[in-house]
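The chain contents come next:
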Amino acid sequence: MYTLYTDAATNNETQHSAAGILIVHAGHQQQLHAHLPDSDNHHAEFYAALAGFNALLELLNGKAKNVTVQYFTDSKIVADSVEKRYAKHYQGLVDQLLAKQAEFNLVITQWLPEKQNQGAHNLAQQALHETD
């Protein structure tokens, strides 16, 4: 099983956004960050989730079909939208995220409080400071 944590950080003045991605497997961590399209924080959270799943797919190099992923996000809108498979203003991003998740054997999405997502949060903040 792989565990994936993502978080987004957005500068509200510039709309610059970045993602923090933490992948944990067999006691090892991979810490990544990515620059995201300029956007508001809700869009950025979806972009961060997509970046996280893309990073995991790249890491697995074509072997995702047999992998179970426990995915954690501190974004209620991302977690709720994945569960419902619907989001009024973000449906395109929800569809993209569900398509990425379908490449794995099983994805268990869970919301967690921001305090419990500090690894991904710190990586996102670092990446955002590099951008600004």
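From a predicted model like this one, the values you see are computed outputs, not experimental measurements.

Turning our attention to the packing of helix 2 (residues 76-84) against helix 3 (residues 91-101). Where helix 2 meets helix 3, the axes come as close as 10 Å, and the angle between the chain directions of the two elements is 70°. By the angle between their axes, helix 2 is roughly perpendicular relative to helix 3. As for the relative orientation of helix 2 and helix 3, their crossing is right-handed in sense. Packed against helix 2, whose contacting residues are Val78, Ser81 and Val82, the element helix 3 presents Val94, Leu97, Leu98 and Gln101 at the interface.

With that settled, consider the side chain of Thr6. Inspection of the secondary structure assignment puts Thr6 in strand 1 (residues 2-10). In this structure the side chain of Thr6 is engaged in a polar contact, spanning 2.7 Å, whose partner is the side chain of Tyr71. When neighbours within four sequence positions are excluded, Thr6 is seen to be in contact with Gly20, Ile21, Ala48, Ala49, Gly52, Tyr71, Phe72, Thr73, Asp74, Asn117 and Ala120.

Burial in helix 3 covers these residues: Leu93, Val94, Leu97, Leu98 and Gln101. The arc that holds every buried residue of helix 3, seen down its axis, measures 135°, which confines them to one face. Buried residues belonging to helix 3 abut helix 1 (41-60), strand 4 (68-73), helix 2 and strand 5 (106-111).

Calculation rules
Residues numbered from 1 in each chain as written. Predicted model: local features only at pLDDT ≥ 70, side-chain atom pairs only at ≥ 80, totals over all residues. Heavy atoms only, no water. Axes fitted to C-alpha atoms, helices over the stretch in contact; angles between N-to-C directions. Helix = DSSP H or I, 4+ residues; strand = E, 2+ residues; numbered from the N terminus. Parallel < 35°, antiparallel > 145°, perpendicular 65-115°, else oblique. Left-handed = near helix turned anticlockwise from the far one by under 90°. Contact = heavy atoms within 4.5 Å. Polar contact = N/O pair within 3.5 Å; in protein donor to acceptor, adjacent residues only side chain to side chain. Buried < 20%, exposed > 50% of the residue type's maximum accessible area, 1.4 Å probe, protein only. Arc of directions from axis to C-beta.

Bear in mind that shape data such as this cannot, by itself, settle questions of function.
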